[in-house]
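Understanding the architecture of this molecule
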Amino acid sequence: MPLSKKRIGIVCPYGWDTPGGVQSHIRDLAEYLIGEGHFVSVLAPAIDEESLPPYVTSAGRPIAIPYNGAVARVLFGPIAFSRVRHWISQGNFDVLHLHEPAIPSISLLACWAAEGPLVGTFHAAAKRQKVSFAVIPFLEPVIEKLNARIAVSEAARETLTEHLDTDAIVVPNGIYASLYRDGKIDERWTGNTIGFIGRFEEPRKGLSVLIDALPAIITQIPDIKIFIAGPGDSADALKEIQPALRSRFTFMGRISEEEKANFLASVGLYIAPNTGGESFGIILAEALAAGASVVASDIPAFDSLLGHGEYGTLFESENSQDLAIKVVALLKDSAARKEIAQRGKNYAQAFDWDVVADKIYDVYQMAMVGGNGVTLSSENRAWNKLLGRQG
Amino acid sequence: MKFILILFALALAAWYLSYSATRLDRLHHRVETSWANLDGLLQRRAAIAIEIARSEISDPASAMLLTFAAHQAREASVRDRSQAETGLSGALGILLETSSHISGEIEKDLIRELRELTEKIKMAVAMHVDAVTRTQLVRKKWINRIFRLAGTAPEPVTYEFEGDVL
């Protein structure tokens, strides 16, 4: 990275204190760039304004709206808009990085209010939605202000081309690959085991798909065991499982990063049966980097992350029978399993933050050519003058 | 009453015209910056090509070919630029394909720099092409044509890049 330090503004559309892929991507990116010596300010909605890291500015409390098959905690409205404007005019940024600017959120407001070097990252990979036809005329003049667009996956890029008729550069989400590269094999988890990490209570994480596949797997692999890591009430989850199968499940609760690396390196198979609502699948990238052999549902994000099956095995989403067939085949053929895991491990190094953040910074630099920093757009300036407000 | 309505309609029309003009202006600005960026990267590539031509990697014949292509790319007009650059890509491609024995440190550095640059050029081309198609699309809208909102800004030309030389 070059020596010149820049002032970078990042807008996060979703509530900072709710866990999610976009939020943790922004957190890691901001911290990486700060580590490189840049000045970074993140604008995000937040419930608890007291416990925000120093580089985050709150734009107000997020509101929960159903969007894209999940509940999104976003924020918009006049008060949010004035905070966005204030943040832009005070920030004196060289470049503004807006995440998910095509959904109703402060990212869209910031894109509307700002002028200058703008970069947008599109995370969502969704099938065409009818509603988007109606909003495109409003959205297009705003989105076309972006100097550069980034899509986090091929699937997200296709979504963007389909919805907004514009192209994007693909830069994946980042992981700290070095944390996962050298996980130690732990005897507790080796053998015919299946690993699962995530908030298993959420239906879209697809734990029930895995549970339904279990009887068919047991007939072929009698000693199969399942380890589940992640926050949630395990007693509730166990009630959903047939009594005869309960002994095969181990709920471990939250695990540390180090345990996670060891866990991923040790399990026979890592399974991601998610039924949708994933934008990238960061946990799959981590599993690959740790050397796990991965079986995942064929939702668009996972399909493109796993190179259409090149770096991990795909099964038909929500089809427990197909999952059982794939699991049994892999557990019986350890040579094939190791081969695919090794391919995946090499491939996942490309997701390392050292690579990803450099690429994102390259895009910033390209957007900044000839630019004189980010200002409020002329429409807003005229509008503010008319209303007698200070910019 | 009628008077107020007409006034309102006129104000709305004026606002929309100025809004459309701003939008077009912004798009032209985007084309300019994305082109400046791409142009800068391509100039650097031509400079590296000339350095490679002078280095140990190339024999006299390919050195000539490369120098010629690089100069042509540097001097081409905007319209002929993409074709000239494709010629340079081709010359670089041939050279790198045939010379498998790159040993010196300076030469390795040159090749690595070229490879990184090619990655960036691909991104810059994508950004530029997007800006150009967008601008052409908006220029074609009837309101912008009738009121000549594009003014004297030249029609942007797209850039075709046959990218995968390295």
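Rules used throughout
Residues numbered from 1 in each chain as written. Chains lettered and ligands numbered in written order. Predicted model: local features only at pLDDT ≥ 70, side-chain atom pairs only at ≥ 80, totals over all residues. Heavy atoms only, no water. Helix = DSSP H or I, 4+ residues; strand = E, 2+ residues; numbered from the N terminus. Rg over C-alpha atoms; globule rule 2.2 N^0.38 Å. Buried < 20%, exposed > 50% of the residue type's maximum accessible area, 1.4 Å probe, protein only. Contact = heavy atoms within 4.5 Å. Lys, Arg positive; Asp, Glu negative; His and termini not counted. Charge placed at Lys NZ, Arg CZ, Asp CG, Glu CD. Pairing = 2+ DSSP bridges. Axes fitted to C-alpha atoms, helices over the stretch in contact; angles between N-to-C directions. Domains from an automatic or database assignment. Buried area = accessible area lost by both parts, 1.4 Å probe. Salt bridge = Lys/Arg side-chain N within 4 Å of Asp/Glu carboxyl O. Nonpolar A, V, L, I, M, F, W, Y, C, P; charged D, E, K, R; others polar. Patch = residues over 30% accessible without salt bridge, like charges linked within 9 Å, V, L, I, M, F, W, Y side chains within 5 Å. Areas by Shrake-Rupley, 256 points an atom, 1.4 Å probe, with all protein chains shown as cover. Polar contact = N/O pair within 3.5 Å; in protein donor to acceptor, adjacent residues only side chain to side chain. Phe/Tyr/Trp six-rings, centres within 6.5 Å; stacked < 30°, edge-to-face > 60°. Lys NZ or Arg CZ within 6 Å of the ring centre and 35° of its normal.

Within chain B one finds five helices and zero strands. Its helices and strands taken in sequence order, chain B reads α-α-α-α-α from the N to the C terminus. Over its C-alpha atoms chain B spans a radius of gyration of 23 Å, topping by over 25% the 15 Å that the globule rule assigns to 166 residues. If you line up chain B on its principal axes, its C-alpha atoms span 85 × 25 × 20 Å. Taking all 166 residues of chain B together, the buried fraction comes to 42%. Long-range contacts, defined here as pairs at least 24 residues apart, represent 77% of the contacts in chain B between residues at least 6 apart. Each charge class in chain B can be summarised by its mean position, and for the 21 positive and 21 negative side chains these summaries are 14 Å apart.

If a strand is regular, its side chains alternate between the two faces of the sheet. Residues and elements named next belong to chain A. Among the five residues of strand β8 (residues 118-122), five are classified as buried, and the element is accordingly described as predominantly covered. Across four bridges, strand β6 (residues 95-99) lies against β8 in parallel orientation. Bridge pairing in β8 places His97 opposite Val119. The pairing of β8 with strand β9 (residues 148-151) spans four bridges and is parallel. Pairing of Val119 across the sheet is with Ala148, part of β9.

The next thing to look at is the sheet that holds strand β15 (residues 294-297) of chain A. Residue and element names in this part refer to chain A. What the six strands build is an open sheet, ordered β13-β12-β11-β14-β15-β16; its pairing is parallel. Taken across any chain shown, the strands that pair with only one partner, and hence form the sheet edges, are β13 (249-253) and β16 (313-315). Strand-to-strand twist of the sheet, defined as the mean angle between neighbouring strand axes without regard to direction, takes the value 25 degrees. Two strands pair when backbone bridges link them, and strand β11 (residues 193-197) and strand β14 (residues 269-272) are joined in this way by two bridges, in the parallel orientation. Within β14, the position partnered with Gly195 by the bridge is Tyr270. Seen against the sheet, helix α12 (residues 320-332) touches β11, β14, β15 and β16 and runs at an angle of roughly 155 degrees to β16.

Turning our attention to the domain arrangement of chain A. Where the parts come together, the accessible area they lose is often given as the size of the interface. Residue and element names in this part refer to chain A. Assigned domains within chain A: domain 1 (7-174 + 352-387) and domain 2 (178-350). Computed over C-alpha atoms, the centres of domain 1 and domain 2 are 32 Å apart. Contacts between domain 1 and domain 2 engage 15 residues on the former and 12 residues on the latter. Sorting the residues of domain 1 by area buried against domain 2 places Ala125, Asn173 and Asp352 first, and these three jointly supply 34% of that buried surface. Applying the counting rule to domain 1 against domain 2 returns zero salt bridges. Every element with two or more residues in the side of domain 1 that touches domain 2 is listed here: α5 (154-164) and α14 (353-368). Each residue belonging to the side of domain 1 that touches domain 2 can be placed in one class, and the counts come to eight nonpolar, four polar and three charged.

Right, let's talk about the environment of Gly253(A) for a bit. As for its position among the elements, Gly253(A) is in strand β13. When the C-alpha atoms of Gly253(A) and Ile194(A) are compared, they prove to be 16 Å apart, with 59 residues separating the residues in sequence.

Moving on, we get to the environment of Ala301(A). All names here are of chain A. One can find Ala301 in helix α11 (residues 300-305). Taking C-alpha positions, Ala301 is 8.7 Å from Gly276, a pair spaced 25 residues apart along the chain. Each residue touching Ala301, except ones within four places of it in the same chain, is listed here: Ala155, Glu278, Ser279 and Phe280.

On the surface, Asp354(A), Asp358(A), Glu51(B), Glu113(B) and Glu116(B) cluster together to form a negatively charged patch. Mapped onto the fold, Asp354(A) is located in helix α14. Look at Asp354(A) and you get partly exposed, because its relative accessible area is 46%.

Mapped onto the elements of the fold, Arg30(B) is located in helix α1 (residues 2-54). Residues contacting Arg30(B), with those up to four places away along its chain left out, are Glu144(A), Lys145(A), Leu146(A), Asn147(A), Arg149(A), Met127(B), Asp130(B), Ala131(B) and Arg134(B).

Attention now goes to the interface of chain A and chain B. Counting residues at the interface gives 24 residues for chain A and 18 residues for chain B. Counting the contacts that link chain A with chain B gives six salt bridges. Among the salt bridges present, the one from Arg26(B) reaches Glu115(A), with a minimum N-O distance of 3.0 Å. For the pair chain A and chain B, the number of links is nine residue pairs in polar contact (both at pLDDT 80 or more). Sorting elements by how many residues they give to the side of chain A that touches chain B places α14(A) first, with five residues. Taken together, the residues of the side of chain A that touches chain B sort by class into 10 nonpolar, four polar and 10 charged.

Another aspect to go through is the sheet that holds strand β10 (residues 169-170) of chain A. Reading across from one edge, β3-β2-β1-β6-β8-β9-β10 (chain A) is the order of the seven strands in this open sheet, with parallel pairing throughout. Each end of this open sheet is capped by a strand with a single partner; those strands are β3 (56-58) and β10 of chain A.

In this section: the side chain of Ser153(A). All names here are of chain A. Its location among the elements puts Ser153 in the loop between β9 and α5. A distance of 3.1 Å separates the side chain of Ser153 from the backbone nitrogen of Ala156, its partner in a polar contact. Among all residues touching Ser153, those that are not within four sequence positions of it are Val170, Ser279 and Ser304.

All names here are of chain A. Counted under the stated rule, the structure contains 13 aromatic pairs over all chains. Taking the centre distance of 6.4 Å and the plane angle of 25 degrees together, the rings of Tyr32 and Trp353 count as stacked. With a gap of 321 residues between them, Tyr32 in helix α1 (residues 21-35) and Trp353 in helix α14 connect regions that are remote in the sequence. Taking the relative accessible area as the measure of exposure, Tyr32 reaches 14% and is therefore buried. Take Trp353: its relative accessible area is 0%, and that puts it in the buried class. When the centroid spacing of 4.8 Å and the interplanar angle of 45 degrees are considered together, the rings of Trp87 and Phe93 count as tilted. Taken as a pair, Trp87 and Phe93 share a single burial class, namely buried. Put simply, the rings of Phe280, Tyr311, Tyr347 and Phe351 pair up and form one aromatic cluster. Over the face of the ring belonging to Phe39 we find Arg7, whose NZ or CZ atom lies 4.1 Å from the ring centre. Over the ring of Phe81 we find Arg85, and its NZ or CZ is 5.0 Å from the ring centre.

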